[in-house]
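One-letter residues, chain by chain:
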Amino acid sequence: MIRFGDIVEKIEAYQPDYDEALIQRAYVFSAKAHQGQIRLSGEPYLIHPLEVAGILADMQLDEQTIATGLLHDTIEDTYATYDQLKELFGQEVADLVEGVTKISKMSFESSEDTQAENFRKMILAMTKDIRVILVKLADRLHNMRTLKFQKPESQQRIAQETLEIYAPIANRLGIEWIKSELEDLSFKHLMPDAYRSLEKKIAKSEKERNRYIQFVIGILTEKLRESGIEADISGRPKHLYSIFKKMQSQNIDFSDVYDITAFRVIVATIPECYEILGIIHNLWTPIPGKFKDYIALPKSNLYQSLHTSVIGPKGERIEIQIRTHDMHKVAEMGIAAHWKYKEGINLDEKDDKRFNWLRQLFEYQKDLKNNSEFLETIKIDLFPDEVFVFTPTGEVKNFPRGSTPVDFAYSIHTEVGNHCKGAKVNGRIVPLKYNLQNGDRVEIITHPRAHPSKDWLKLAKTSRARTKIRQWIKAQEREQSVQLGKELLEKEAKRYAVNFSRLYKDGALEEAAKSFSLKSADDLLATIGYGKITPRQVIHRVLPPEKLEAEKAEEEKKPIQKFISKIKRKEQSPILIRGEEGVLVRLAKCCNPLPGDKIVGFITRGRGITVHKADCDKILNSDPQRLIEAKWQVSETVRHPVRIQTLSVDRRGLLAEITKELSNLGADILSAHVQTTEDHQAINQFVIAIKDLKHLNKIIRALNHIKGITEVKRVQA
């Protein structure tokens, strides 16, 4: 258990002239504010802010940040107010505490809209002052260390959120030790059996491994001494979660994971790093493809080091990292060593790069209104697995693994991307779907008549490229929609003997646009083109009352048409479209939605509204302005076709049992396709008519209980 005196000692070690009075006042205030409060562990609540402040002191942060650590829960959990903190500790500390409080209230397991909005708020807070997220990371780290006192369901929720949100943020900020500990603690609670099994296997060989580590360190120390190089050498087993991920990704057992031990060599200068690399490669055989030079090509968070894997003593694979003392500080502390990033402060070029990704996220969150697109952007930026390529002039650019020339083109300039026709890689023409590789030299070929297409969204991996492609597509679709809306409205105006050009000139269309809560006449025409507003609705807004009355009287003279329209209104559609009546509605064949599925309408020009599942790939990559709210109407009589597939052993009588079960459950079989494989497996596909999603789930559960069936799932056509 940490004490206040321990925190003071940590601060004095790296900042002897700190504001001692500020830290003392913050401690006293926190002790009084949290007096009588108890944590789930049974400890006084004050232990938590002390531990958070201690973690921040380990990160060697300034006294304002450490004071925030001591006070971070006072606004949320005690009588304290922002104004009180501002008066006692100054606006800087009060703003930091308020920023941490806002992030603490965010939920990342709720609906997509809420999740996206909370991410936007977090990015805004980080952009305003990066120290807010550093305090939150320290807060989350201590909460993860004491997670065992939470209820099991809370443990799962908090651990999952930590693994998906906070560990990646720590990684993106370059704070390696926090990222690793958060991952291991999340792993421990999310997969306790796998964690304990791996922990036991490593512990079993701990004594032998420690002897091996000391043996390797001894050899390296002697070799470097012979070359006159002073170095700090250390070795340790890799983190449990990183070992587990390797086992999962390569589908191997623990016994097949060879490079469990990682060694670190820290020296004074960059030339010594490369000299040591040569010594190691002369000493032990390097493993091909396992050398990475992050000194010449730093990671996007400016991490620098040489990484190599070699066949070490006794034939064991070992990984060795070589870096300078300054590089080591950045690797351990990351952005925490550069906390002064706030709006209005000028940074040198190196520090400016460190925060560039954060600025880009801030810009994207303003540009991307669609929450699905925004969340996709966040995930791309938080989980970069990078490749490094060269421009024709030798400039180095880094991209997420799997990036293509399309990403490269947009990284140079938006216009280069928008007019990209092809690419040369290492002097050879490649298709735009080519995956960039480390060391590639890339040149973009442009043409004035070349333009992006929707297919490019499947090629692009970077958030910048995807955002720019979507912007171009939306701009083109808007132009087309404005033109279509103009043609439709002009045609409708002729029916009422209204001069369309005059509507433009006298401002009638502008007024009509405002009545629909739109900004301009072009917005109105685009909305007509999209199909969200009918031309008739607009004409009724711009026509004089006497003309409307005349039109109404004319309509009343047509009793047969009126009677037919009444009959039509009585026809029930299984789907309700918000704000629309009498619209042609059809179900999308690509995802075949069922009652119970979350759905959304997509306005298809000239063909009414097509209803998709809300998570359909076509919808996720479509123009959000053409989406419209849709919901199911309950109908016992309407049946819906759905395709299901069963995987089973091939045995006699199985097909009869399946068809009998389907009949008993009230599902009509519309078609069936039966296939057997060489290994005596049966793959059966049925198209059945059912009531809704609940009915389908009941059928899937029942079929899963038939002997010999190993899998039943819903499939697309």
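Reference entry: report on the structure contained in this document.

### Here we look at the overall build of the protein
Scanning the protein from N- to C-terminus turns up 32 helices and 20 strands. Across the 717 residues of the protein, 48% fall into the buried class. Of all intrachain contacts in the protein linking residues separated by at least 6 positions in sequence, the fraction that spans at least 24 positions is 66%.

### Structural notes on the environment of L283
By the secondary structure assignment, L283 is in helix 15 (residues 270-283). With a relative accessible area of 28%, L283 lands in the partly exposed category. Separated by 28 residues in sequence, L283 and I311 have C-alpha atoms that sit 9.6 Å apart. Each residue touching L283, except ones within four places of it in the same chain, is listed here: I219, L220 and K223.

### Some thoughts on the sheet that holds strand 11 (residues 442-446)
The sheet built from three strands is open, its strands ordered 10-9-11 with antiparallel pairing. The strands lining the two open edges of the sheet, one partner per strand, are strand 10 (428-430) and strand 11. Strand-to-strand twist across the sheet, computed as the mean angle between neighbouring axes with direction ignored, equals 35°. By the bridge criterion, five bridges tie strand 9 (residues 420-425) to strand 11 in an arrangement that is antiparallel. Among the inter-strand pairings, A423 is bridged to a residue of strand 11, identified as I444. The strands touched by helix 20 (residues 405-412) are strand 9, strand 10 and strand 11; relative to strand 11, the strand with the most contacts, the crossing angle is about 80°.

### Digging into helix 32 (residues 693-704)
Under the 1.5 Å per step criterion, the end-to-end length of helix 32 is 17 Å for 12 residues, consistent within 8% with the ideal 16 Å. Restricting attention to buried positions, one finds in helix 32 the residues L693, H695, L696, I699, I700, A702 and L703. Taken together, the buried residues of helix 32 touch strand 17 (640-649), helix 31 (654-664), strand 19 (681-690) and strand 20 (709-715). N-cap assignment for helix 32: the residue whose side-chain oxygen lies 3.2 Å from the backbone N of K694 is D692.

### Re a positive patch on the surface
Taken together, the side chains of R639, K691, K694, K698 and R701 make up a positively charged region of the molecular surface. Mapped onto the elements, K698 comes out in helix 32. The partly exposed category is assigned to K698, whose relative accessible area is 48%.

### Considering the packing of aromatic side chains
This model, assessed by the stated rule, comprises nine aromatic pairs. Residues Y294 and Y303 carry aromatic rings whose centres are separated by 6.0 Å and whose planes lie at 70° to one another, so their mutual orientation is edge-to-face. Note on accessibility: Y294 and Y303 belong to one class, buried. Relative to F408, the ring of F399 lies with its centre 6.0 Å away and its plane at 40°, an arrangement referred to as tilted.

### Some words on the sheet that holds strand 17
Backbone-to-backbone hydrogen bonds pair the strands of a sheet. The strands run either parallel or antiparallel. Read from one edge to the other, the open sheet built from four strands follows the order 18-19-17-20, with strand pairing classed as antiparallel. Looking at the sheet topology across the chains shown, the edges are occupied by strand 18 (668-676) and strand 20. The sheet shows a mean angle of 20° between the axes of neighbouring strands, direction not considered. Pairing geometry for strand 17 and strand 20, over six bridges, is antiparallel. Following the sheet pairing, S648 is matched in strand 20 by I709. On the sheet, helix 31 packs against strand 17, strand 18, strand 19 and strand 20 and is oriented at approximately 20° with respect to strand 19. Against the sheet, helix 32 contacts strand 17, strand 19 and strand 20, and its axis sits at roughly 160° relative to strand 20.

### With respect to unusual backbone geometry
Not every positive phi belongs to a glycine, and K314 is a case in point at roughly 65°. Of note, K314 is situated in the loop between strand 5 (306-311) and strand 6 (317-324). For K314, a relative accessible area of 74% puts it in the exposed group. A positive phi is found at N592, a non-glycine position, where the angle reads about 45°. Within the element layout of this structure, N592 appears in the loop between strand 13 (585-587) and strand 14 (599-603).

### Describing the packing of helix 23 (residues 463-495) against helix 26 (residues 521-530)
Packing of helix 23 against helix 26 brings their axes to within 6 Å, and their N-to-C directions diverge by 85°. Comparing the axis directions of helix 23 and helix 26 gives the class roughly perpendicular. Residues K474, E477, R478, S481, V482, L484, G485, K486, L488 and L489 of helix 23 form the contact with helix 26, whose participating residues are D522, D523, L525, A526, I528, G529 and Y530. For the contact of helix 23 with helix 26, the residue count by class is eight nonpolar, three polar and six charged.

### Comments concerning the pattern of salt bridges
Side chains that differ in sign of charge can pair as their charged atoms come close. Following the criterion strictly, the structure yields 16 salt bridges and no others. A salt bridge links R196 to D193; its shortest N-O distance comes to 2.9 Å. Within this pair, R196 and its partner D193 are both found in helix 12 (residues 192-204), separated by three residues, close to a single helical turn. Using a relative accessible area of 43% as the deciding quantity, one classes R196 as partly exposed. Its relative accessible area of 57% is what places D193 among the exposed residues. Measuring nitrogen to oxygen at the nearest pair gives 3.0 Å for the salt bridge that ties R651 to E657. Linked by salt bridges that have partners in common, D62, E92 and R131 make up one network.

### Here we look at the side chain of H48
Relative to the elements of secondary structure, H48 occurs in helix 3 (residues 47-58). Here D139 takes part through its side chain, which lies 2.7 Å from a polar atom of the side chain of H48.

Rules and cut-offs
Residues numbered from 1 in each chain as written. Predicted model: local features only at pLDDT ≥ 70, side-chain atom pairs only at ≥ 80, totals over all residues. Heavy atoms only, no water. Helix = DSSP H or I, 4+ residues; strand = E, 2+ residues; numbered from the N terminus. Buried < 20%, exposed > 50% of the residue type's maximum accessible area, 1.4 Å probe, protein only. Contact = heavy atoms within 4.5 Å. Pairing = 2+ DSSP bridges. Axes fitted to C-alpha atoms, helices over the stretch in contact; angles between N-to-C directions. Expected span 1.5 Å × (residues − 1). Polar contact = N/O pair within 3.5 Å; in protein donor to acceptor, adjacent residues only side chain to side chain. Patch = residues over 30% accessible without salt bridge, like charges linked within 9 Å, V, L, I, M, F, W, Y side chains within 5 Å. Areas by Shrake-Rupley, 256 points an atom, 1.4 Å probe, with all protein chains shown as cover. Salt bridge = Lys/Arg side-chain N within 4 Å of Asp/Glu carboxyl O. Lys, Arg positive; Asp, Glu negative; His and termini not counted. Charge placed at Lys NZ, Arg CZ, Asp CG, Glu CD. Phe/Tyr/Trp six-rings, centres within 6.5 Å; stacked < 30°, edge-to-face > 60°. Parallel < 35°, antiparallel > 145°, perpendicular 65-115°, else oblique. Nonpolar A, V, L, I, M, F, W, Y, C, P; charged D, E, K, R; others polar.

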